[in-house]
Amino acid sequence: MNTHVSRRRFLQASASLGAFSVIVSKTPSLLASDTLMGGSMPPVLKVDANGYAVLCVPVPDMGQGMLTGAAQLVAEELDIALEHVRVELMSFVGSINDEGKAQFGKLHQGTGGSLAMAEVWMPLRQTAAYARSLLIDAAAREMKADKADLTTKGARVINAKTGTQITYAKLVDKVQAAAEPNLEEVALKPAAERRVIGRDRRNVASSDIVTGKPIYGIDQDVPGMLHVAIRRCPHLRGGLVSHNGKTLRGKPGIVDVIDMPRLPADPKERRLVAAGVAVVANSYWTARKAANALEIEWDGSYAMNTDSAHFMKIGMEALDSASMTETVRDGDIEGALSRASKTLEATYSHPNWAHTCMEPHSCVADVKADSAEIWVGHQFMDVAINAASEATNIPAGNIKANFYRIGTGFGRKFEKDFIQEACFLSQKLGKPVKVTWSREDEMEQDFYNHMAFYKLRGGLDASGKMNALHIRVAADGRFSSATQEIPCGLVDNYLGEWLLLPTALSTGAWRGPGSNVRSWVTQSFIDELAEAAGQDTLDFMLALFRSKATVEMKNWPNLTLDLSRHVAALEKVAEESGYRNVLPAGHGRGIAVFQTHHSLCAHVVEVAMKGEKDFRVVKVTSAIDCGLAVNPLGIRAQVESGIIDGLCAAKYGNMVFEKGVPVTNNFDTYRKLRMAEAPEEINIHILDHGDDTPRGTGETSLPPFIPALTNAIYRASGKRIRRLPIVESL
Amino acid sequence: MASITFSINGREQMFDGDEDMPLLWHLRDEAGLKGTKFGCGIGQCGACTVHVDGEAVRSCSLPMASLDGANVTTIEGLAQGDKLHPVQEAWIEEDVPQCGYCQAGQIMATAALLKSNPNPSDDDINEGVTNLCRCGTYHRIRKAIKLAASKMQQA
């Protein structure tokens, strides 16, 4: 279909439109430039009649700065001002695979693993560089010049020989696109010539945000839409027995009351969608008020005998007596421990954390006989489309999904439940519906960060070097990763073992999954071992990371780590924080370094005690090693964010369960950090090791912050925090 | 039931619906003003902060019944036409927003604080702006509040 004729037709059309587009191609090469090719396929990049760019960003922005970073890539390669790049969120441009599932095509369309920038780094620059090459070709024809003499700057093509210039605006309808551009041959701007990438750029969405524009999923309405409030079963793995919903029928504004089945029905399975009662009304408030007044009998029998004390009991018992699965065994752990000049044993534990996404979940769905449309904020476009397809039995190829800015995700906006409820109800009612979650349900029906219990035994040889480490972990989710984390690989004698705790909880991904807590346990125990060895922790850590040149990560993404980068990060934060300077009484410093996914971060945290039971964070000094830094201002924002999130979770994060019901279900009972407790000073240093690609930043700073904090609290107060949350251990 | 007469962003309104309805849901679902955000429903997080007669209030917990004769200002009504309020300008200049969901509420809380206290100390800020931010932008919010204060004093 992409014939020469159709291309010419397109160009004629585009001349009157005064714009040209680069779209995702269905053919094997990455991108093409003919809008007729894709039919309804959206452009990746459009250059409009003013010579300005409209960029469709393939990955949702949930606060990680995706739109800004993506705009920078395009402004750089196209040689136009960042202000002249308008950004929109692209719709799904992947494909449907043989199993009928939506899958990513040539563009990655999800945000997770801190990978969004790394995923778009090459394709977006190639797209913009290709658009630039088309403009140069057009200018060469117009100017009758040799392409080699042409360069671009400020949305103009400039003839270096003659000094004549022509604006992009005058070229857009002169562009002639190749049918199948070979993007490998399109020259990308050399690093030394970059003017936008690597410079501080403010959030491009800020003007919409500060003026209250309806840019989030929860802000979307469609004509004829009904509103839904659902009362969801608060009992872990619980079900619906009965309710008095009949009494609502015929009341003003009430449309229907519908039973929501638990998915899957078997309570032994992890929850996908909660059991509940949906009240459908002509406004959200009418639905909410009526739902709140419903009398509902739930079946809470499955987990009636479980509560937080029960979880603590089975977790601690497992550490001492359970037979566990061995994950790593190096050397001779028992022999080494018996030969050690000093041994140390400690037990650590932490409860579940809720995500508390600032924007409560919502979804609008309009399900027809053989097609469906959804409007939602979701981290992964393929997952969202498949969720709608699975809920309705409508083929994924017939699902149209509209995506929006996300009011934080943290992994929770990866799940399917809030989409499937809306689809189920719209299909049942034959009308578009909007389901809006309450904050209480957002916490009660969360897929929590896992709880876990750890027993560590460490051995030091006569020189004070760690020669043995044994870690046993009992966790309520499939998080065995703590058993194979550094110092695993750096200790000759090592044993890791883990057990899945039988609880009724549903766990999921929470910012820095696994890393967020295993960093704390391992880096705190290293601090304990350093003290036992009579060494400063920095010296002990430096010796550990200098003991080998590299180590294989046994956890995802299974990289070979160059440990000189750990050393560099530690040295940087030590130097910048004045680590070895004496502190006033009641103050303490802690240090930690941790690789999360593809990036690395070290912190020195200084705290001051406020009496015996509280503390304030005086200063945080951070070094982040995240590869090529696209937007240093945005990277610092992500580091600050991880610090605050880590402080908040470690200090207060604690989902409490009684009789199988979560009882911490809003901000009055599940405490979050406010401005008064934010660190007084944060100094962030972005390390430059000359990398040519970004490695990700969204999750990197959180995991090492928690051990640096608790190590600091130990220095300041003499209290070793081995059980989170900190407020309950001080 | 008598109608409730009040104004939103300077425009007179009549309301004769459910008087228990919180102002938040009237704004979002009936007045079509989506800038005021739902966060918790219990007045804890402040995402729904608006001005009622110049005071910052949490609209999720304010029933329509209490609004007779009141003047409500939302984030959509804070700027003077195209001219942003100094607090909005400061938010952009300090690059405060990450996800941005809570920021309308933060801005409304700050604008009210600076009206009554043009030069707030750190403690005044801690007590005057207690809204939750899940991205942890507090560090930059504090800077932006101080920048906005200095902008307003120079103006």
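Residues numbered from 1 in each chain as written. Chains lettered and ligands numbered in written order. Predicted model: local features only at pLDDT ≥ 70, side-chain atom pairs only at ≥ 80, totals over all residues.

Overview of the overall build of chain B
Thought 1: For chain B, the helix and strand inventory stands at 5 helices and 5 strands.
Thought 2: Each helix and strand of chain B, placed in order from N terminus to C terminus, yields the pattern β-β-α-β-β-β-α-α-α-α.
Thought 3: Here the C-alpha radius of gyration of chain B, 15 Å, is about what a compact globule of 155 residues would show, namely 15 Å.
Thought 4: Principal axes of the C-alpha set define a box for chain B whose edges measure 45 × 30 × 25 Å.
Thought 5: Within chain B, the fraction of its 155 residues that count as buried is 59%. (Helix = DSSP H or I, 4+ residues; strand = E, 2+ residues; numbered from the N terminus. Rg over C-alpha atoms; globule rule 2.2 N^0.38 Å. Buried ≥ 20, exposed ≤ 12 C-beta atoms within 10 Å, placed from the backbone.)

Topic: the sheet that holds strand β32 (residues 681-686) of chain A
Residues and elements named next belong to chain A.
Thought 1: Taken in spatial order, the 4 strands of this open sheet run β27-β28-β29-β32, and their pairing is mixed. The outermost strands of the open sheet, each flanked by one partner alone, are β27 (587-596) and β32. Geometrically, the sheet is characterised by an average inter-axis angle of 15° between neighbouring strands, direction not taken into account.
Thought 2: In this sheet, strand β29 (residues 614-625) lies alongside strand β28 (residues 599-610) in antiparallel orientation, the contact comprising 11 bridges. Pairing of methionine 609 across the sheet is with phenylalanine 615, part of β29.
Thought 3: Packing of helix α15 (residues 632-652) onto the sheet brings it into contact with β29 and β32, and relative to β32 it is tilted by some 130°. (Pairing = 2+ DSSP bridges. Axes fitted to C-alpha atoms, helices over the stretch in contact; angles between N-to-C directions. Contact = placed C-beta atoms within 7 Å.)

As for the nonpolar core
Residues and elements named next belong to chain A.
Thought 1: Counting residues in each nonpolar core, the largest one holds 274 residues, and the members touching the most others are Val74, Val228, Val279, Ile374 and Ala388.
Thought 2: At 14 residues, helix α3 (residues 116-143) tops the list of elements feeding residues into this core.
Thought 3: With near-sequence residues (within four places) excluded, valine 74 lies in contact with Leu45, Ala53, Leu55, Val85, Leu124 and Ala128. (Core = buried A, V, L, I, M, F, W, Y, C linked by C-beta atoms within 7 Å.)

Description of the environment of Ala290(A)
Residues and elements named next belong to chain A.
Thought 1: Looking at where alanine 290 falls in the secondary structure, it is placed in helix α6 (residues 284-293).
Thought 2: The exposure class assigned to alanine 290 is buried, which follows from the 21 C-beta atoms found within 10 Å.
Thought 3: Along the chain, alanine 290 and leucine 425 lie 135 residues apart, while their C-alpha atoms are 17 Å from each other.
Thought 4: Leave out the neighbours within four places in its chain, and alanine 290 touches Leu248, Ile254, Val279 and Ala281.

As for the interface of chain B and chain A
Thought 1: Every contact between the two is made by 44 residues of chain B and, on the other side, 45 residues of chain A.
Thought 2: Listed by contribution, the elements that provide at least two residues to the side of chain B that touches chain A are α1 (23-30), α2 (86-93), α3 (103-116), α4 (122-128) and α5 (138-154) of chain B.
Thought 3: Sorting elements by how many residues they give to the side of chain B that touches chain A places α5(B) first, with 4 residues.

Digging into the domain arrangement of chain A
Where interface size is quoted, it is often the accessible area lost as the parts come together.
All names here are of chain A.
Thought 1: Domain parsing of chain A yields domain 1 (4-199), domain 2 (217-302 + 361-436) and domain 3 (322-353 + 448-728).
Thought 2: Centre-to-centre, using C-alpha coordinates, domain 1 lies 42 Å away from domain 3.
Thought 3: Taken residue by residue, the interface counts 14 residues in domain 1 and 17 residues in domain 3.
Thought 4: Tallied by class, residues from the side of domain 1 that touches domain 3 come to 6 nonpolar, 8 polar and no charged. (Domains from an automatic or database assignment. Nonpolar A, V, L, I, M, F, W, Y, C, P; charged D, E, K, R; others polar.)

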